[in-house]
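# Descriptive structure summary
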Amino acid sequence: MLQLKNIAKYHNSGIQKNWVLKDISANIFEGEFVSIMGPSGAGKSTLLNIIGMLEEPSGGEYYFLDEPVHKLSEKKRTELYKHYIGFVFQQYHLIDELTVYENLETPLLYKKMSGSERKSRVADILDRFNMVAKKDLFPNQLSGGQQQLVGIARALIGQPKLILADEPTGNLQSAQADEIMQIFKKLNEEEGVSIIQVTHSEKNAAYAQRIIHLLDGHVEREEKITK
Amino acid sequence: MQYTQLKFALRNLWRNKFYSGINIGGLAAGIAVSMLILVFVGHELSFDRFHKNADKIYQLSVNFTFNKQEIRGTGMSAYMGPAMKEKISGVDDYVRLYHISDAEVVLKKDASHLFHESKVVLADPSYFSVFSFPFLAGNPKTALSQPNSVVITEKMARKYFGKTDVIGAHLYINSKLPFTISGILKDIPSNSTLDYEFILPIESFIAIKKLVYNESVDPAYLSENFIGMGSFTTYYQLSNLNAIQQIPKKIAEFWRKEKISDTEIQSKKFELSPLKNLHFQQGRQVLIAGFNKIYLFSLIALIVILMALLNYVSITTARASERAKEVGIRKAMGALRKELIGQFYLESIIVIGLAFGLGLLFAVLSQKIFFEQLGIHINSSFFFSRQITIPLGCLLVFCIFFSGSYPAILLSNFKPTEVLKGRLWSGRGRDKVWFKKFMTTFQFSASIMLLIAAIVTYQQLQCLQNRSLGFQKEQVVMILPTQSGFTEFRNSIEKLSAVKGTAIASMSLFRDGTSMAFMKSPINDNEVEVHILEVDSHFFEVLGIKWEQLHRQTSSKPQNNTCVINQEAAKQLGYNSGDGVKDLAQQLFNRELGGVVENFQFDLGSVMKPTPLALWIKNEDLYGTLYVRLVNTPNLQAGMSAISQLFKKHCPDKPFEYFFLDESYDTLFKAEDRMAKLFGIFTGLAIFISCLGLFGLAAYATARRAKEIGIRKVLGATVGNVMSLLSTEFLRPVLLAILIASPIAWYLMEQWLKKFTYRIEVEWWIFAAAGLSVIVLALLTVSIQSLRTALANPVTAIKNE
């Protein structure tokens, strides 16, 4: 699905280069569920952002579905991630001024989808996540777990091939966290959606098939989960 | 404590250079305009107040109605002054003035110092005791007591003699009448209604009349005991203000003795007006009628300064959330509310203070151009007079109070536990947005109204200026030869190849006033105010005036000693061509009717509306303005210099002066053009200030929505999506402003245009153009901000928790 070759990222601070990522190479296959772990400051989120094309690497090559992302124009990149990638954030990042329904609809608007199709997609996903009753509520009227459900629903609504989740359960209580992880697992197993998540929790990381451990900007080790 | 606060306030301003810049810059522009207008209004209001007796001086005038028009006359008979002083105890003194304006007066020292002068007046010796014009040299008490003495201003002394110690020197009026300089006045202050540069004794009246107007006046005219209207503007100095009522009563008493009918007495309302109000009463018939300059400019000043202050308030409150955390921490550390209020006031004092300084600098730098545009001269000493410094101080305090209060009270009111949790805007946020949008709407409504008004005013002026004059104004020169060389001069220039034809009229079109006669039509009983002009029979041909009908059509020229009227006169007097017309002309004008011409414009009044005019045809002994139509060649200079040579030969007693007819016409509109230009500048400034405010708000709002925009971009929004999202938010108040401003502007402009006979229609495209240009400006303003946000990397925005 995607291939990282010698990806590097640094920030310039004065004369010194501040290395965030160094020489990262990895392959993620279609239908895989991968967790990225590591202590704070290891570069997990940066790596995720690079995979999500939100940040550009300072060096190295990145192929997504065999397209050389590092060579693509910004417009092409936007097209690519708009169609194949969905994001889930730790802080949910719902738009406060919009209702649940409108939040879910937003990505579809940017895909220039027709009104009727948008309606059926949103209805569909609301149904799937059992949120029909909450569709007219604003984010601040929902609990954290419910907000994250909306966040996941929003990521899924565009029917992406890859979901990138940056500590999706970091702000949740464990019961809610389990629920979210179950959803991820189900999505991965039943619908074949690839998932890459960044997490601190060993327990949540174990939902994946593979764990990549980062330390100080490089891959420390990889771990296959056998069930 | 104060020091820390000051340090903190300054640091805060410095850290937010962008917002401080907008605040201070906008305010400075607004304050500069307000200051200039303040000086202007102050100057207008201070008119004639420098006289020591300002409160006691009154001018006598008479009001009567003619042809449904209210007419105010100030010309009084000679006895009107002395009679009241004798008979009424509260009248201390009087001054009679006779202004030599309509005729051309030339003052001469020698052949090389020879100028036309218009500020020449004949006055009683009391002129210098009733009014307070300081003398540079000479004795005010005796300056006018000798016949043939003259008091001149310092400026004039320099002009004629190049020095100011010229007492005893001579000046000649129209080369004949010598006057001895008996006093030198300091230059007349700019805020004086009486701005005469040459003051001659009133005894010279008979001689001047004879010399300048060629009229023989019975010497008894000055001394006879006649009470009524006449030639002299009369001022009284009163010690008892009861005289204001007594003088009109006394006049009625005199008239009853003369057996004048009661209806006549009642129809003439005599009245005393304070000198201080004179400046506002006697302003010339301004085209921009109903545009009281003082109110208009004061209103604009108020709008501009309010806009600038609102910018400050809205930007400061909009940024309140950024300050909220600081307020929360300060409160948590034990700051009292009043200390916080003090802090925010201190900040506004600094901002307003800086803006005032900057504004003052702008004002000083631009005042020369500004007042030149207005066509007024203001003495520099006036800027530092109390009339200016006190209101300026008030303005400063008002600005600080107005702009400081709302932010201070709002910000200091935050609850620390709430703001520290970052919950400032949730829930209450919407009210603040409403408030900001209201201010934006207000600012843009005002801007759009000003813009529409500016466009309509400009169009109306264009409409008046470009209207057909009824004759060909190009290539016609008006020249004023002396009477002695008149015919020779005319005959000699007619031989020049550059000259197509010449004509004579008793006045210079658009420069002089016409005489008027009031007559009652025997046909329809209308009372008609007919303007009268004496012309020779070439006049119509040389100017290209079109005939409607020409009686006794033996030639294309009217007969000598007939009378030609214009269409409007024919209409108002009830003429129909054919029967009885000739009789009527005989009856009214005492001459035969020579013809009817199409209406043409001859003075400001006729530019405004069709005005009845009668032209006496007089081929012999007509002396006045010579109209010369030049042959249409590019080399006008050669022709003019040939004419100038001949002028010097035949009229050595006068400087060669000439006026092109088209230029004279254009100068009619000079004041209005200036007003329109200034109006345009103010409008531009108001729009600029509105945009500045919008810019600040947009900057803030986009910063506040950065996170949302980040999310949207992550979800696939393009730069275009984000731009339109942000821009439409700001367009809504602007669109609302257009909806509010257009009908109001339409109504106001309709009211104004009603005053014009020749007027434009307010067309829909004016609103469209005004609206569109404001939208484009607002969009540009906002997009500078939104583009930056739209292009920003969403990751940074999202990370910022």
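Residues numbered from 1 in each chain as written. Chains lettered and ligands numbered in written order. Predicted model: local features only at pLDDT ≥ 70, side-chain atom pairs only at ≥ 80, totals over all residues. Heavy atoms only, no water.

### A few points about the overall build of chain A
Condition: A run of DSSP states H or I qualifies as a helix once it reaches four residues; a run of E qualifies as a strand once it reaches two. Both are numbered from the N-terminal end. We take the radius of gyration over the C-alpha atoms and set the globule estimate at 2.2 Å times the residue count to the 0.38 power. The contact criterion used is simple: two residues touch if any of their non-hydrogen atoms lie within 4.5 Å. Working definition of accessibility: Shrake-Rupley area with a 1.4 Å probe, residue cover restricted to the visible protein chains.
Along the backbone of chain A there are 7 helices and 10 strands. The C-alpha atoms of chain A give a radius of gyration of 18 Å, which matches the 17 Å a tight globule of 227 residues would have. Viewed in the frame of its principal axes, chain A has a C-alpha envelope of about 50 × 40 × 35 Å. A sequence separation of at least 24 residues applies to 68% of the contacts in chain A between residues at least 6 apart. Within the structure as shown, chain A displays about 10,700 Å² of accessible surface, and the carbon and sulfur contribution to it stands at 45%.

### Re the sheet that holds strand β1 (residues 2–13) of chain A
Residues and elements named next belong to chain A. Applicable threshold: Strands are labelled as partners when DSSP assigns at least two bridges between them. Axes here refer to lines fitted to C-alpha atoms; in helices the fit is confined to the stretch in contact. Angles between the N-to-C directions go from 0 to 180 degrees.
In spatial order, the strands read β2-β1-β4-β5; together these 4 strands make up an open sheet with antiparallel pairing. Taken across any chain shown, the strands that pair with only one partner, and hence form the sheet edges, are β2 (16–28) and β5 (67–68). Here 9 bridges tie β1 to β2, and the two strands are oriented antiparallel to one another. Considered in β2, the bridge of Ser-13 is made with Gln-16. The strands that helix α1 (residues 44–51) touches are β1, β2 and β4 (59–64); relative to β1, the one it contacts most, it runs at about 120°.

### A few points about unusual backbone geometry
This is how the line gets drawn: Only protein chains enter the accessibility calculation, which uses a 1.4 Å probe; a residue whose area is less than 20% of its type maximum is buried, one above 50% is exposed, and one in between is partly exposed.
The backbone of Asp-23 of chain A sits at a positive phi, close to 55°, despite the residue not being glycine. By secondary structure assignment, the location of Asp-23 of chain A is in strand β2. Here Asp-23 of chain A falls in the exposed class, since its relative accessible area comes to 53%. With phi around 65°, Asp-48 of chain B is a residue other than glycine that occupies positive phi space. Assignment of secondary structure puts Asp-48 of chain B in the loop between α2 (17–45) and β1 (57–66).

### Regarding the interface of chain B and chain A
It is common to give the size of an interface as the accessible area that goes away when the parts come together. What counts, and what does not: The buried area of a pairing is the accessible area, by a 1.4 Å probe, that goes missing from both parts when the two are put together, added over both. Any Lys or Arg side-chain nitrogen found within 4 Å of a carboxyl oxygen on Asp or Glu counts as a salt bridge. All residues other than Ala, Val, Leu, Ile, Met, Phe, Trp, Tyr, Cys, Pro, Asp, Glu, Lys and Arg, Gly among them, are scored as polar; the first ten of these are nonpolar and the last four charged.
Taken together, the 17 residues of chain B in the interface contact 17 residues of chain A. Of the roughly 1,700 Å² buried at the junction of chain B and chain A (both faces included), carbon and sulfur atoms supply 62%. There are 0 salt bridges connecting chain B and chain A. Elements with a minimum of two residues in the side of chain B that touches chain A: α24 (706–714) and α27 (794–799) of chain B. Within the side of chain B that touches chain A, the residues separate by chemical class into 7 nonpolar, 4 polar and 6 charged.

### As for the confidence of the model for chain A
Selection criterion: pLDDT measures how confident the predictor is about each residue, on a scale from 0 to 100.
Per-residue confidence for chain A gives a mean pLDDT of 88, with 100% of residues at or over 70. The least confident element of chain A is helix α2 (residues 74–84) of chain A, whose mean pLDDT is 83; the most confident is strand β8 (residues 194–198) of chain A, at 94.

### Some words on the environment of Lys-707 of chain B
Here Lys-707 of chain B is to be found in helix α24. Along the sequence, Lys-707 of chain B and Val-212 of chain B sit 495 residues apart, while their C-alpha atoms lie 84 Å from each other.

### Remarks on the sheet that holds strand β7 (residues 162–166) of chain A
All names here are of chain A. Taken together, 6 strands build an open sheet; the order of strands is β6-β7-β8-β3-β9-β10 and the sheet is mixed. The open sheet terminates on both sides in strands that have one partner only, identified here as β6 (85–89) and β10 (218–224). With strand direction ignored, the average angle separating the axes of adjacent strands in the sheet is 15°. Looking at chain direction, strand β3 (residues 33–37) and β8 are connected through 4 bridges and run parallel. Within β8, the position partnered with Val-34 by the bridge is Ile-196.

### Section: the nonpolar core
Where we set the bar: Here the nonpolar core consists of buried residues drawn from Ala, Val, Leu, Ile, Met, Phe, Trp, Tyr and Cys, with membership extended through side-chain atoms lying within 4.5 Å. Here the limits of each domain have been adopted from an automatic or database domain assignment.
Counting 127 residues, the largest nonpolar core has Leu-509, Phe-539, Leu-615 and Tyr-627 of chain B as its most contacted members. Residue contributions to this core reach at least three from each of two domains, namely domain 1 (290–355 + 403–463 + 672–799) and domain 2 (476–667) of chain B. In this structure Leu-615 of chain B touches Leu-533, Val-535, Phe-539, Phe-540, Thr-562, Cys-563, Val-564, Val-597 and Phe-600 of chain B, once residues within four positions along its chain are discounted. Within the second largest apolar cluster, 36 residues are counted, among which are Met-1, Val-34, Met-53 and Val-198 of chain A.

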